[in-house]
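Each chain, letter by letter, is given below.
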Protein chains: 2
Amino acid sequence: MDVLVPRPTKHQPERGDARTRLLEAARDTIREKGFAATSVDELCQAAAVTKGSFFHHFKSKEALGVAAAEYWAETTTAFFAGAPYHAPDDPLERVLAYVAFRKSIIAGDLAEFTCLVGTMVEEVYAISPAIREACAASIFGHAATLEADISAAIRERGISSDWTAESLARHTQTVIQGAFVLAKAGNDPALAREGLDHLDRYIRLLFGGPNKKKARS
Amino acid sequence: MDVLVPRPTKHQPERGDARTRLLEAARDTIREKGFAATSVDELCQAAAVTKGSFFHHFKSKEALGVAAAEYWAETTTAFFAGAPYHAPDDPLERVLAYVAFRKSIIAGDLAEFTCLVGTMVEEVYAISPAIREACAASIFGHAATLEADISAAIRERGISSDWTAESLARHTQTVIQGAFVLAKAGNDPALAREGLDHLDRYIRLLFGGPNKKKARS
DNA sequence: GCTGCCATACCGACCGTACGGTATGGACGT
DNA sequence: ACGTCCATACCGTACGGTCGGTATGGCAGC
């Protein structure tokens, strides 16, 4: 339990520097135990760095929280940009493929698929505006990546809607975040997948469900 | 599964007994700062009791968390049982009235309308099974109160569904919990109301397609 | 190419305090 | 007289944060 990773002593070790290791440890530990219940010492141990190193890279625990949220935003952006749901030609199919993809990655331990920034913002929204804003940037930034496809789907299908692409994009995140809460409460990932099924059904109904005629404009 | 009933004392009848005051302080403080970031001393100060009194009523901070979740379940059950959304004769109207009611109480400060057990379970699901289960009982117990109306609506409208009343009832809580997460991230209650609008639209679509928005009846 | 110098990265002992929890005893109703 | 309820004083420790220090690598001057 003592030795985890041989510490690279070079200055530019490929993605293996102490700062990154701390951010990864923060990501994993905070997702499991929450921000407040995660101690600096614990993070240092998990990342195999010392406290001196921690406070060299982050001026406070709160700063680590902000950096962790930003790191989360960066890594998830890259992850979803490279995901296969962008393949379909039809924009609505891309949106539905996104939902299916989100559902497909809900597996294994809860802390492996739940959302770091959703977890963090629940507990620190009132006590740390800096962390709250970093979490908001991650969530709403990710939601924004769906807007183009939703807008294109609205246009292509000639839907007349009393809702906007922006609003539906946000709602996907609402359902996903809520699905994680119920999965945690019930300690069952299937509860999260269930929420995604309803989201899929909702989107299909919005874009011409059984009783809806497609009105080509 | 019986729950200890807080008994009134004659000691300081005007303020309620210490146990109840502590539970109310816990409800308010934990909703704002989270469970881990709320200290026992802080709770004692807010409830105007001493630490001796705290540990007389609760054997540990974790036990207080469990009791707070149970207290939340009791008070919210009573609150929703007395709410006006049960009035309509039509079961579907009752379900929609529930959603509208949930939307209507989203106002003011975030900590005034967000869900204690949803907040708590996000941060303690992995470290306190007891609290997690108490939160689960509150969430899923509340969801279950919607099942009868949803089932009746399915029966009455004669729709064939590939989803169950139980599942849709849970989904209402998924959307509500997720709506709170986004509202906290964006620091804006309107984000929560937006989620409820989508939920309303989804339920209407499920029960017979493009019903226009309910005219004020 | 060695030397001196500096910035960055990292180390680990240490500090003040605030934390959860305990021990003990008194007030009060029954 | 006894159990419930509450108050005060206190304890051990784990917390976030500090500080003096070392190791490494880049670079300029010569």
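Whatever comes next refers back to the structure up there.
Keep in mind the model is a prediction, meaning the values are calculated, not measured. (Residues numbered from 1 in each chain as written. Chains lettered and ligands numbered in written order. Predicted model: local features only at pLDDT ≥ 70, side-chain atom pairs only at ≥ 80, totals over all residues. Heavy atoms only, no water.)

Asker: Quick question: what am I supposed to make of the overall build of chain A here?
Answerer: The secondary structure content of chain A amounts to 11 helices and zero strands. The buried share among the 217 residues of chain A stands at 54%. Residue pairs at least 24 apart in sequence account for 68% of intrachain contacts in chain A once pairs closer than 6 positions are excluded. Within the structure as shown, chain A displays about 10000 Å² of accessible surface, and the carbon and sulfur contribution to it stands at 52%. (Helix = DSSP H or I, 4+ residues; strand = E, 2+ residues; numbered from the N terminus. Buried < 20%, exposed > 50% of the residue type's maximum accessible area, 1.4 Å probe, protein only. Contact = heavy atoms within 4.5 Å. Areas by Shrake-Rupley, 256 points an atom, 1.4 Å probe, with all protein chains shown as cover.)

Asker: Sorry if this is basic, but what is going on with unusual backbone geometry here?
Answerer: Excluding glycine, most residues fall at negative phi; most peptide bonds, likewise, are trans. For Ala48 of chain A, which is not glycine, the phi dihedral falls at a positive 60°. Within the secondary structure, Ala48 of chain A sits in the loop between helix H2 (40-47) and helix H3 (51-57). The class for Ala48 of chain A is partly exposed, based on a relative accessible area of 23%. One non-glycine residue, Asn187 of chain B, lies in the positive phi region at around 55°.

Asker: Can you help me understand the interface of chain B and chain A in this one?
Answerer: When the parts come together, some accessible area is lost, and that loss is often what is quoted as the size of the interface. Taken together, the contact pairs 49 residues of chain B with 47 residues of chain A. Of all residues in chain B, Glu122, Tyr125 and His198 of chain B give up the largest surface area on contact with chain A, accounting jointly for 16% of the area buried on that side. On inspection of chain B and its partner chain A, the count reaches six salt bridges. The shortest N-O distance in the salt bridge between Lys184 of chain B and Glu122 of chain A comes to 2.6 Å. In this structure, the connection of chain B to chain A is made through 20 residue pairs in polar contact (both at pLDDT 80 or more). Put simply, the parts of the chain that give the side of chain B that touches chain A at least two residues each are helix H1 (18-33), helix H6 (110-113), helix H7 (116-124), helix H8 (129-144), helix H10 (165-186) and helix H11 (189-206) of chain B. (Buried area = accessible area lost by both parts, 1.4 Å probe. Salt bridge = Lys/Arg side-chain N within 4 Å of Asp/Glu carboxyl O. Polar contact = N/O pair within 3.5 Å; in protein donor to acceptor, adjacent residues only side chain to side chain.)

Asker: Quick question: what am I supposed to make of the packing of aromatic side chains here?
Answerer: Any pair of aromatic rings gets described here by the distance separating the centres and the angle formed by the planes. All names here are of chain A. Per the counting criterion, the structure on display carries 23 aromatic pairs over all chains. Geometrically, the ring pair formed by Phe54 and Phe58 is tilted, given 5.6 Å between the ring centres and 55° between the ring planes. The burial state of Phe54 is the same as that of Phe58; both residues are buried. Here the aromatic rings of Tyr85 and Phe101 are separated by 5.7 Å at their centres, their planes lie at 40°, and the arrangement is tilted. Of the two residues, Tyr85 is situated in the loop between helix H4 (61-81) and helix H5 (91-104) and Phe101 in helix H5; the sequence distance between them amounts to 16 residues. (Phe/Tyr/Trp six-rings, centres within 6.5 Å; stacked < 30°, edge-to-face > 60°.)

Asker: Would you take a moment to explain the relation of the copies chain B and chain A for this structure?
Answerer: One copy of the chain maps onto the other through a rotation about an axis plus a displacement along that axis. For the pair chain B and chain A, the relating rotation is 180°, the translation along its axis is 0.0 Å, and the fit reaches an RMSD of 0.1 Å. Both copies of the chain, as the preceding transformation shows, are related through a two-fold rotation axis. It is Gly178 of chain B whose C-alpha, among those of chain B, lies nearest the rotation axis, at 1.8 Å. A shared binding surface is used by both copies, with 94% of the interface residues of chain B retained as interface residues in chain A. (Least-squares fit on C-alpha atoms with pLDDT ≥ 70 in both.)

Asker: Just to check I follow, could you spell out the packing of helix H1 (residues 18-33) of chain A against H2 of chain A for this structure?
Answerer: A pair of packed helices is characterised by two quantities: the angle between their axes and the separation of those axes. Residue and element names in this part refer to chain A. Close contact between H1 and H2 brings their axes to 9 Å; oriented N to C, the two are set at 125°. What the angle tells us is that H1 and H2 run oblique. Here the hand of the crossing between H1 and H2 comes out right-handed. Residues Arg21, Leu22, Ala25, Ala26, Thr29 and Lys33 of H1 form the contact with H2, whose participating residues are Glu42, Leu43, Cys44, Ala46 and Ala47. (Axes fitted to C-alpha atoms, helices over the stretch in contact; angles between N-to-C directions. Parallel < 35°, antiparallel > 145°, perpendicular 65-115°, else oblique. Left-handed = near helix turned anticlockwise from the far one by under 90°.)

Asker: How should H1 of chain B be read in this particular structure?
Answerer: Spacing of three or four residues puts side chains on the same side of an α-helix, whose turn is 3.6 residues. Residue and element names in this part refer to chain B. With 16 residues, H1 extends 21 Å between its outermost C-alpha atoms, agreeing within 8% with the 22 Å of an ideal straight helix rising 1.5 Å per residue. Buried within H1 we find Ala18, Arg19, Thr20, Arg21, Leu22, Leu23, Ala25, Ala26, Thr29, Ile30 and Arg31. Directly after H1, the chain includes Gly34, whose backbone phi takes a positive value near 85°. (Expected span 1.5 Å × (residues − 1).)

Asker: Please clarify how the nonpolar core should be interpreted in this entry.
Answerer: Nonpolar side chains in soluble globular proteins tend to end up buried together. Counting residues in hydrophobic clusters, the biggest one holds 142 residues, and the most contacted among them are Ile150 and Phe207 of chain A together with Ile150 and Phe207 of chain B. Excluding residues within four positions of it along the chain, Phe207 of chain B makes contact with Leu92, Ile150, Ala153, Ile154, Arg157, Ile159, Trp163 and Leu168 of chain B. (Core = buried A, V, L, I, M, F, W, Y, C linked by side-chain atoms within 4.5 Å.)

Asker: Can you walk me through the pattern of salt bridges in this structure?
Answerer: Pairing of side chains with opposite charge becomes possible as their charged atoms draw close. Under the criterion given, the structure shown has 22 salt bridges over all chains. Salt-bridge contacts for Lys103 of chain A lead to Asp197 of chain A; the nearest nitrogen and oxygen are separated by 2.8 Å. Of this pair, Lys103 of chain A sits in helix H5 while Asp197 of chain A is found in helix H11 (residues 189-206), placing the two residues 94 residues apart along the sequence. Classification of Lys103 of chain A by relative accessible area gives partly exposed; the value is 29%. Overall, the relative accessible area of 32% leaves Asp197 of chain A in the partly exposed class. Its salt-bridge partner being Arg157 of chain B, residue Asp90 of chain B comes within 2.5 Å of it at the nearest N-O pair. Of this pair, Asp90 of chain B sits in the loop between helix H4 (61-81) and helix H5 (91-104) while Arg157 of chain B is found in helix H9 (residues 147-157), placing the two residues 67 residues apart along the sequence. Here Asp90 of chain B falls in the buried class, since its relative accessible area comes to 17%. Classification of Arg157 of chain B by relative accessible area gives partly exposed; the value is 34%.

Asker: Teacher, can you tell me more about H9 of chain B here?
Answerer: Residue and element names in this part refer to chain B. Taken as a whole, H9 has its buried residues at Asp149, Ile150, Ala152, Ala153 and Ile154. Those residues of H9 hidden inside the fold are in contact with H5 and H10. Once H9 finishes, Gly158 follows within two positions and takes phi at roughly 60°, a positive value.

Asker: Just checking my understanding: could you explain the packing of H4 of chain A against helix H8 (residues 129-144) of chain A for this structure?
Answerer: Residues and elements named next belong to chain A. Orientation of H4 relative to H8, taken along the N-to-C sense of each, is 10°, at an axis distance of 8 Å. In terms of axis orientation, H4 runs roughly parallel to H8. Taking contact as the criterion, the partners of Glu62, Gly65, Val66, Ala69, Trp72, Ala73 and Phe80 in H4 are, on H8, Ala130, Ile131, Ala134, Cys135, Ser138 and His142. Considering only residue class, the contact of H4 with H8 consists of nine nonpolar, three polar and one charged. (Nonpolar A, V, L, I, M, F, W, Y, C, P; charged D, E, K, R; others polar.)

Asker: Help me out: how do you make sense of the side chain of Lys184 of chain B in this one?
Answerer: Relative to the helices and strands, Lys184 of chain B resides in helix H10. Owing to a relative accessible area of 1%, Lys184 of chain B belongs among the buried residues under this scheme. The contact partners of Lys184 of chain B, leaving out residues within four places of it in the chain, are Val121, Glu122, Tyr125 and Arg132 of chain A together with Leu110, Thr114 and Thr119 of chain B.

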